[in-house]
Amino acid sequence: MMLVYVTVGSTGFDALVSAVCRKDFFQSLADRGFRKLAVQYGSSDGVFELPKTASELFGVSVEGFDYTRWPQRYVEQADLIICHAGTGSILEALHAGKPAIAVPNHELMDGHQSEICQELAAAEYLLVSEPGQLVDAIDSGRYLELVPYPHADPRPIGEILDEESSRKK
């Protein structure tokens with residue numbers, strides 16, 4: 001069963017949570033074959049309101065929660081991750097090899113979320129969307145064409161530097 005995992009991280013993000021509770025969002029998920037949605041809404045519990053009837057969910061089952069002690073379980077199971085554009089959430093999705101749509105929270109200080117996700121989007125590691133554009137981002141299917149994020153070299157940095165400097169000689 002294809003799963004979309006939405007996470008707002010350690011705070012709240014009302015605009016993102018509201019966007020994933022809309023009828024057109026559920027229809028978009030269903031049209032792309034998703035059948036399960038897990039929403040970690042943090043302190044945005046007041047705006048986590050699902051459509052009123054089952055037909056408005058388009059066959060998508062929903063699990064919503066404020067926080068979880070086991071977010072990795074959702075990351076591992078997800079076929080698509082939609083996250084606030086915090087560095088931790090983005091890197092968690094990318095390191096797990098999952099397609100991701102990052103949504104910057106412009107209400108946070110200094111616009112750092114936009115800068116980070118724009119750089120990663122330029123390299124085609126993820127998509128960037130505003131909350132109101134999530135349906136378009138999903139409908140485009142571009143999340144299926146993303147470049148895999150490179151894995152880090154686990155060797156100690158000194159060993160890597162020695163190897164690189166010996167190549168230049």
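Read on for a plain summary of the structure.

By definition, the strands of a sheet pair up through backbone hydrogen bonds, in either a parallel or an antiparallel sense. Taken in spatial order, the six strands make up an open sheet running β3-β2-β1-β4-β5-β6, and their pairing is parallel. Two strands lie at the open edges of the sheet, namely β3 (61–65) and β6 (127–128), each paired on one side alone. Alignment of strand β5 (residues 100–103) against β6, held across two bridges, turns out to be parallel. Within β6, the position partnered with A102 by the bridge is V128. Docked against the sheet, helix α4 (residues 87–95) engages β1 (2–7), β4 (80–84) and β5, running at close to 165° with respect to β4.

Reported here for the largest pocket is a volume of approximately 160 Å³. In this structure, the largest pocket is lined by L94, G97, K98, P99, Y125, Y143, L144, L146, V147, P148, Y149 and H151. A class-by-class count of the residues in the lining of the largest pocket yields nine nonpolar, two polar and one charged.

Okay, helix α2 (residues 23–31) next. Among all positions of α2, only F25, F26, S28, L29 and A30 are buried. Where α2 is buried, its residues meet β1, α1 (14–19), β2 (34–40), β3, β4 and α6 (134–140). Where α2 ends, the next residue or the one after it, G33, has phi of about 95°, a positive value.

This part covers the packing of aromatic side chains. Going through the model one piece at a time under the given rule, you end up with six aromatic pairs. An angle of 45° between the planes, with centres 6.2 Å apart, marks the rings of F34 and Y143 as tilted. With F34 in strand β2 and Y143 in the loop between α6 and α7 (157–167), this residue pair connects regions lying 109 residues apart in the sequence. Classification of Y143 as buried rests on a relative accessible area of 3%.

So, on to unusual backbone geometry. Despite not being glycine, F58 shows a phi value in the positive range, around 55°. Inspection of the secondary structure puts F58 in the loop between β2 and β3. For E124, which is not glycine, the phi dihedral falls at a positive 65°. Structurally, E124 is set in the loop between α5 (112–122) and β6.

Within α4, the full set of buried residues consists of S89, I90, A93 and L94. The buried residues of α4 occupy one face: seen down the axis, they fall within an arc of 125°. At its buried positions, α4 is contacted by β1, β4, β5 and α5. Looking one or two residues beyond α4, the residue adopting positive phi is G97, at roughly 75°.

Each value, and the rule that gives it
Residues numbered from 1 in each chain as written. Predicted model: local features only at pLDDT ≥ 70, side-chain atom pairs only at ≥ 80, totals over all residues. Heavy atoms only, no water. Pairing = 2+ DSSP bridges. Helix = DSSP H or I, 4+ residues; strand = E, 2+ residues; numbered from the N terminus. Contact = heavy atoms within 4.5 Å. Axes fitted to C-alpha atoms, helices over the stretch in contact; angles between N-to-C directions. 1 Å grid on protein atoms, 1.4 Å probe; cavity = no way out; pocket = protein on both sides within 12 Å on 5 of 7 lines; lining within 4 Å. Points joined across faces, edges and corners; volume = space filled by probe spheres on them. Nonpolar A, V, L, I, M, F, W, Y, C, P; charged D, E, K, R; others polar. Buried < 20%, exposed > 50% of the residue type's maximum accessible area, 1.4 Å probe, protein only. Phe/Tyr/Trp six-rings, centres within 6.5 Å; stacked < 30°, edge-to-face > 60°. Arc of directions from axis to C-beta.

Read these as geometric descriptors, not functional statements.
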